[in-house]
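Fold and contact review
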Amino acid sequence: MSTERTPLITGHGCSLTMATALCGAEQEATPESSSPSKDPRKLNTFFGVMVPTVLSMFSIILFLRTGFVVGHAGLLQGLLMLVVAYTIISLTILSICAISTNGAIQGGGAYYMISRSLGPEFGGSIGLMFFLAKVCACGEYVLGLVEAILDVFGADPESSVSVGVRVLPQGYWYTVLYSSVVLLLCLLVCLVGAHIYSRTAFVILLVITVTLLSIFVSSLAVKPHDFVLTRQLSANHSVHYNASYTGYNATTLRNNLGPGYALDYSTNTMMSFATVFAVMFTSCTGIMAGANMSGELKTPSISIPKGTIVAVLYTFAVYILLFLLVSATCDRTLLIQDYGFLQKINIWPPFVTIGIYCAALSAAMCAMIGASRILHALAVDQVFGLPLAPAAITSMSGNPWVAVLYTWGLAQCVVFAGQLNAIASLVTVFYLLAYAAVDLACLALEWASAPNFRPTFQLFSWHTCLLGIVSCVVMMFVINPVYSSASIVTLMVLLLFLHYRSPTSSWGYISQALIFHQVRKYLLMLDVRKDHVKFWRPQVLLMVANPRSSSQLILFVNQLKKGGLFVLGHVQLGDLDTLPSDPIQQQYNFWLSLVDKLGVKAFVDLTLSPSVRQGTQHLLRITGLGGMKPNTLVLGFYDSCTPEDYFLQDSAFCDSSMGQLTEGDFNFGVDLPSLQAHFPPVRDNESPRWLSPEEYVGIISDAVKMNKNVCLARHFFQLEGEGKDSKVDGSERTIDVWPLNLLQPGCHDYQDVCSLFLLQMACVLNMSSKWRHARMRIFLNVETNSSDQGWVVDEETFRELLRKLRIRASIKIVPWDSVVQHHVGEGDKESAGSLSAGFLSAVNCMLSEHSSQAAVRFLYLPRPPPQHSQLQRYLAQLEAVTNGLGPTLLIHGVTPVTYTDL
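Computed from a prediction, not measured in an experiment: that's the story for all the values here.

Here ten strands make up an open sheet; going across it, the order is 9-8-7-10-11-16-15-12-13-14 and the pairing mixed. Each having just a single partner strand, strand 9 (603–609) and strand 14 (810–815) make up the two edges of the open sheet. Across the sheet, the axes of successive neighbouring strands diverge by a mean angle of 25°, strand direction being ignored. Strand direction decides the pairing type here: strand 12 (residues 734–738) and strand 15 (residues 856–860), joined by four bridges, are parallel. Note that in strand 15 the partner of Val737 across the bridge is Phe858.

Its location among the elements puts Gly71 in helix 3 (residues 66–100). Along the chain, Gly71 and Gly258 lie 187 residues apart, while their C-alpha atoms are 9.3 Å from each other. Residue contacts for Gly71: discarding those within four places in its chain leaves Gly260, Arg332, Leu335 and Ile336.

Here we take up the pattern of salt bridges. Inspection of the entire model under this criterion finds nine salt bridges. For Arg714, the salt bridge goes to Glu879, with nearest N and O atoms at 3.8 Å. Here Arg714 is found in strand 11 (residues 709–714), whereas its partner Glu879 is found in helix 29 (residues 871–882), with 165 residues between them in sequence. Judged by its relative accessible area of 27%, Glu879 is partly exposed. Several salt bridges share partner residues, and in doing so they unite Asp639, Arg714 and Glu879 into one network.

Bringing the packing of helix 8 (residues 201–221) against helix 11 (residues 300–329) into the picture now. Contact geometry of helix 8 with helix 11 gives a least axis separation of 11 Å together with a crossing angle of 30°. One way to sum up the angle between helix 8 and helix 11 is to call them roughly parallel. Handedness of the crossing formed by helix 8 with helix 11: left-handed. Across from Thr209, Leu212, Ile215, Phe216 and Ser219 in helix 8, the residues of helix 11 making contact are Tyr314, Val318, Leu321, Leu322 and Leu325. The residue inventory of the contact of helix 8 with helix 11, partitioned by class, reads eight nonpolar, two polar and no charged.

Formed by 146 residues in total, the largest nonpolar core has its most connected members in Leu62, Phe63, Ile89, Ile208, Phe281 and Ile287. Take this core: its biggest share by element is 19 residues, from helix 16 (residues 420–448). Phe281 has contacts with Ala85, Ile88, Ile89, Thr428, Leu432 and Tyr435, leaving out every residue within four places of it along the chain. If you look at the next biggest cluster of nonpolar residues, it comprises 63 residues, including Val540, Ala602, Ile735 and Met761.

Two measures describe an aromatic ring pair: the distance that separates the ring centres and the angle between the ring planes. This model, assessed by the stated rule, comprises 23 aromatic pairs. In textbook terms, an aromatic cluster arises when at least three aromatic residues are bridged by ring pairs, as seen for Phe46, Phe47 and Phe202. Above the plane of the ring of Phe68 lies Arg65, whose end atom (NZ or CZ) is 5.9 Å from the centre. The ring of Tyr339 has Arg65 lying over it, and the distance from NZ or CZ to the ring centre is 3.9 Å.

Attention now goes to the side chain of Asp645. For Asp645, the position within the fold is in the loop between strand 10 (632–636) and helix 23 (672–678). At 2.9 Å, the side chain of Asp645 forms a polar contact with the side chain of Arg548. Residues contacting Asp645, with those up to four places away along its chain left out, are Arg548 and Val682.

Applying the stated rule across the entire model yields zero disulfides. Between Cys754, a cysteine without a disulfide, and Cys711, which holds the nearest cysteine sulfur, the sulfur-to-sulfur distance is 9.4 Å. With relative accessibility at 3%, the residue Cys754 sits in the buried group.

Moving on to the pairing of strand 7 (residues 540–543). Side chains Val540 and Leu542 project from strand 7 onto one buried face, and the interleaved Leu541 and Met543 project onto a second face that is buried too. This β-α-β element, strand 7 to helix 20 (residues 547–560) to strand 8 (residues 566–573), shows right-handed connectivity. Taken together, the three bridges between strand 7 and strand 10 define a ladder with parallel strand orientation. Considered in strand 10, the bridge of Leu541 is made with Leu633.

With that settled, consider the pairing of strand 8. Across the eight residues of strand 8, six count as buried, placing the element largely inside the fold. Where strand 7 lies against strand 8, four bridges are found, and the strand directions are parallel. Residue pairing across strands places Leu542 opposite Leu568, the latter belonging to strand 8. Where strand 8 lies against strand 9, seven bridges are found, and the strand directions are parallel.

The subject of this paragraph is unusual backbone geometry. A positive phi angle, close to 60°, is found at Asn707, a residue other than glycine. Position of Asn707 among the secondary structure elements: in the loop between helix 24 (693–705) and strand 11. The class for Asn707 is partly exposed, based on a relative accessible area of 46%.

Moving on, we come to a nonpolar patch on the surface. On the surface, a cluster of nonpolar side chains totalling about 460 Å² of accessible area is made up of Trp447, Trp462, Leu466, Val470, Val474 and Val478. In terms of residue count, the dominant contributor to the nonpolar patch is helix 17 (residues 462–479) (five residues).

By the element assignment, Leu405 lies in helix 15 (residues 401–414). Linking Leu405 and Leu191, residues 214 residues apart in sequence, is a C-alpha distance of 8.7 Å. Among all residues touching Leu405, those that are not within four sequence positions of it are Leu187 and Leu191.

A residue-level look at the protein chain finds 84% of positions with pLDDT of 70 or above and a mean pLDDT of 81. With pLDDT under 50 throughout, residues 656–668 is counted as low confidence; its partners more than four residues away or in other chains account for 16 contacts. Counting contacts from residues 824–832, a segment whose pLDDT is below 50, to residues more than four positions away or on other chains yields eight contacts.

This part takes up the side chain of Arg332. Tracing the backbone shows Arg332 in helix 12 (residues 332–337). Asp331 is the oppositely charged side chain nearest to the buried, salt-bridge-free Arg332, at an N-O distance of 8.7 Å.

With respect to the helices, strands and loops of the structure, Phe497 is situated in helix 18 (residues 481–501). When the C-alpha positions of Phe497 and Ser125 are compared, they lie 9.0 Å apart, and in sequence the two are 372 residues distant.

The rules behind each value
- Residues numbered from 1 in each chain as written.
- Predicted model: local features only at pLDDT ≥ 70, side-chain atom pairs only at ≥ 80, totals over all residues.
- Heavy atoms only, no water.
- Pairing = 2+ DSSP bridges.
- Helix = DSSP H or I, 4+ residues; strand = E, 2+ residues; numbered from the N terminus.
- Axes fitted to C-alpha atoms, helices over the stretch in contact; angles between N-to-C directions.
- Contact = heavy atoms within 4.5 Å.
- Salt bridge = Lys/Arg side-chain N within 4 Å of Asp/Glu carboxyl O.
- Buried < 20%, exposed > 50% of the residue type's maximum accessible area, 1.4 Å probe, protein only.
- Parallel < 35°, antiparallel > 145°, perpendicular 65-115°, else oblique.
- Left-handed = near helix turned anticlockwise from the far one by under 90°.
- Nonpolar A, V, L, I, M, F, W, Y, C, P; charged D, E, K, R; others polar.
- Core = buried A, V, L, I, M, F, W, Y, C linked by side-chain atoms within 4.5 Å.
- Phe/Tyr/Trp six-rings, centres within 6.5 Å; stacked < 30°, edge-to-face > 60°.
- Lys NZ or Arg CZ within 6 Å of the ring centre and 35° of its normal.
- Polar contact = N/O pair within 3.5 Å; in protein donor to acceptor, adjacent residues only side chain to side chain.
- Disulfide = S-S within 2.5 Å.
- Right-handed = clockwise from strand over helix to strand, strands pointing away.
- Patch = residues over 30% accessible without salt bridge, like charges linked within 9 Å, V, L, I, M, F, W, Y side chains within 5 Å.
- Areas by Shrake-Rupley, 256 points an atom, 1.4 Å probe, with all protein chains shown as cover.
- pLDDT = per-residue confidence, 0-100.
- Lys, Arg positive; Asp, Glu negative; His and termini not counted.

So this is what it looks like as structure tokens:
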């Protein structure tokens with residue numbers, strides 16, 4: 001019976017196992033290479049995790065920059081930097097341990113973790129950034145090694161004659177030359193003998209341990225003495241400093257407690273907390289060395305957490321003791337002005353020299369090997385395509401030599417920086433970004449609550465992941481805002497490139513699990529009792545009888561929804577009792593394909609009902625989920641005009657475009673002929689109606705009773721430029737708004753709920769992509785011949801209201817005394833039946849005169865009359881008022897939608 005470690009599903013992304021103990025150098029493995037006699041999982045916790053992690057974290061900082069940190073920052077701030085740095089990496093370690101114990105990690109380390117967790121877009125972009133971080137780190141370690149070499153063998157800048165072993169000339173170009181030679185040595189080792197180097201990792205750790213012991217012994221054995229340090233400021237000017245080694249001294253410790261930031265003699269720049277922290281943090285960039293060995297470990301679920309945590313605690317203790325030692329024995333001048341002071345105060349200086357050389361050289365080769373393996377993994381996964389394709393080439397032994405050459409070439413560019421401190425900030429920012437991505441990967445897996453995410457390491461939570469992300473990002477910007485911003489922008493560009501390139505993978509996408517989990521959770525959290533008017537948005541149910549004649553209206557409402565819910569509703573007449581099966585289920589694919597063709601962001605909800613009115617009631621009640629339910633019903637206008645067939649106008653629906661279609665253009669097998677055949681031809685004048693005028697007005701009345709806003713759309717088949725391929729930006733369009741109830745001339749209330757809803761909907765349309773540059777005009781109807789001049793006050797009040805509502809529109813004053821004269825029964829303002837044909841014609845003429853050039857008009861829709869006998873007259877009045885106007889939206893709002901406070 002297979003155990004839990006048995007791979008039930010094998011991935012083909014990258015078949016690499018680990019061969020380099022220090023930094024995760026991998027060799028290509030094949031099933032044939034595995035045999036019972038040679039188990040690839042042979043490393044224990046100490047050799048597989050602790051040794052590579054300790055070596056990676058000591059690097060060059062241990063011997064070359066400990067005094068630099070304490071000298072500039074002081075003991076207290078130096079310890080604070082240590083605590084901050086180790087807190088950040090500790091949070092990341094929890095994420096690393098969780099991910100690495102949820103399955104074997106193949107080649108690429110951090111890249112493999114992130115890509116298999118977050119998908120190719122994030123994995124590829126972060127992987128490339130992590131590769132660049134290791135490249136820069138390689139150059140930094142090489143510069144540190146050259147600095148240590150010149151400290152011993154470099155010629156005295158004040159003497160023209162070489163003395164003893166100090167024979168190497170110094171200067172910027174000499175530093176670049178020496179760095180190039182060291183890089184070439186690293187290249188040769190990585191190309192020829194990387195496996196030999198990996199076997200010496202434990203020996204290097206022993207050498208560094210002996211060096212550390214010699215430093216602690218020397219602090220007790222070496223007597224106090226003074227030094228004269230010479231620093232060359234320019235070609236003709238040098239400065240001498242008197243520095244002292246005092247041995248353990250309370251005064252020395254007291255003087256070194258506080259900060260003393262000064263000029264860095266190597267870069268001649270003023271140091272600060274951020275710049276010193278950036279240098280110090282490079283000692284914390286090796287925490288993934290053990291996780292990279294997952295494929296080589298006997299028990300990775302035990303070794304990775306245990307080994308990494310122990311290694312981090314060990315290095316933290318060593319740094320703490322070393323900080324205390326140097327702050328209690330060396331004055332600040334010695335710490336600031338001499339990076340290699342540990343050699344001068346050692347009982348046998350070659351101890352420290354050998355330790356520095358071993359640590360720096362091993363760190364440089366580790367970074368080169370690790371970077372080349374990340375690049376090789378990216379190339380094998382074909383994430384970036386052709387540019388990185390050569391990096392997938394390997395030698396007969398599985399060594400990715402082309403990737404090594406790529407890495408060497410980029411590292412060669414890095415050494416032109418000339419000084420270690422000059423690139424420390426960039427290295428730190430890159431590593432912090434990679435660590436934040438690992439935390440993000442673990443956070444995404446935890447939030448998705450995927451049943452298959454069950455790591456054996458349990459000492460983490462989404463809180464630690466989130467805190468790790470925040471800590472990394474904050475420290476990035478504290479260290480260097482420019483580098484941080486540039487790295488994040490670069491990351492976003494890479495992410496967008498990979499997103500639009502759409503590389504295929506079988507790794508699984510965490511985004512799908514997150515979307516499902518979060519949508520369900522947020523729908524439960526979307527409490528309608530907590531709705532507030534200032535966050536109101538249209539959530540529209542558009543009833544569609546036949547998309548052939550309603551496509552223009554569908555496209556228009558898509559612009560009107562303003563990020564809200566948009567549902568296409570359709571009622572199929574029938575009774576399920578008389579049918580063998582539900583005919584609705586087979587129609588969804590056609591409607592969803594229609595949505596795809598039109599390019600609208602809409603859901604589809606269909607129902608079967610004996611009548612359209614009853615079906616609409618059903619949809620108004622049950623459409624949506626939780627707090628996402630329609631609040632506005634949109635209906636096409638009930639008139640006698642013959643609709644036009646949109647399918648015959650749009651080339652996307654015409655037969656002439658069939659030859660351009662491919663098999664994947666339609667989901668679920670719905671091709672263009674099937675889509676056209678499914679929806680019946682448009683209604684002609686002799687076709688029977690699906691509903692009567694009374695039923696149509698009854699739908700409006702039902703919606704108002706159910707506290708839904710109602711919009712009636714007329715003549716929208718005349719509206720053009722709403723398609724997804726249209727370049728219309730609205731600059732030539734005009735939106736006209738008539739906020740008064742034109743069928744009640746005595747009404748002057750511009751601030752009732754319906755009028756404000758009218759303004760809000762027009763403003764929402766004006767904010768959409770195809771209408772954002774349209775001009776909005778608001779027409780105020782006034783009776784200029786009245787005895788009082790209250791309309792002037794009303795106009796000023798309305799202007800003030802627009803300012804409070806932040807609505808930008810021009811106000812047009814329209815005298816309508818001549819229209820009001822046609823009104824019959826002016827005193828009976830509640831009777832809709834009192835309107836004469838002359839008055840309705842006059843209103844229509846007024847609208848035609850002032851709004852003939854508008855692209856769309858917003859009119860006040862009166863409430864339907866309660867008397868059943870007046871329903872047809874009500875509909876006839878609406879038809880008379882809007883006759884020949886062009887695209888018009890009659891709106892009746894019943895919910896408050898505007899808010900003037902913040």
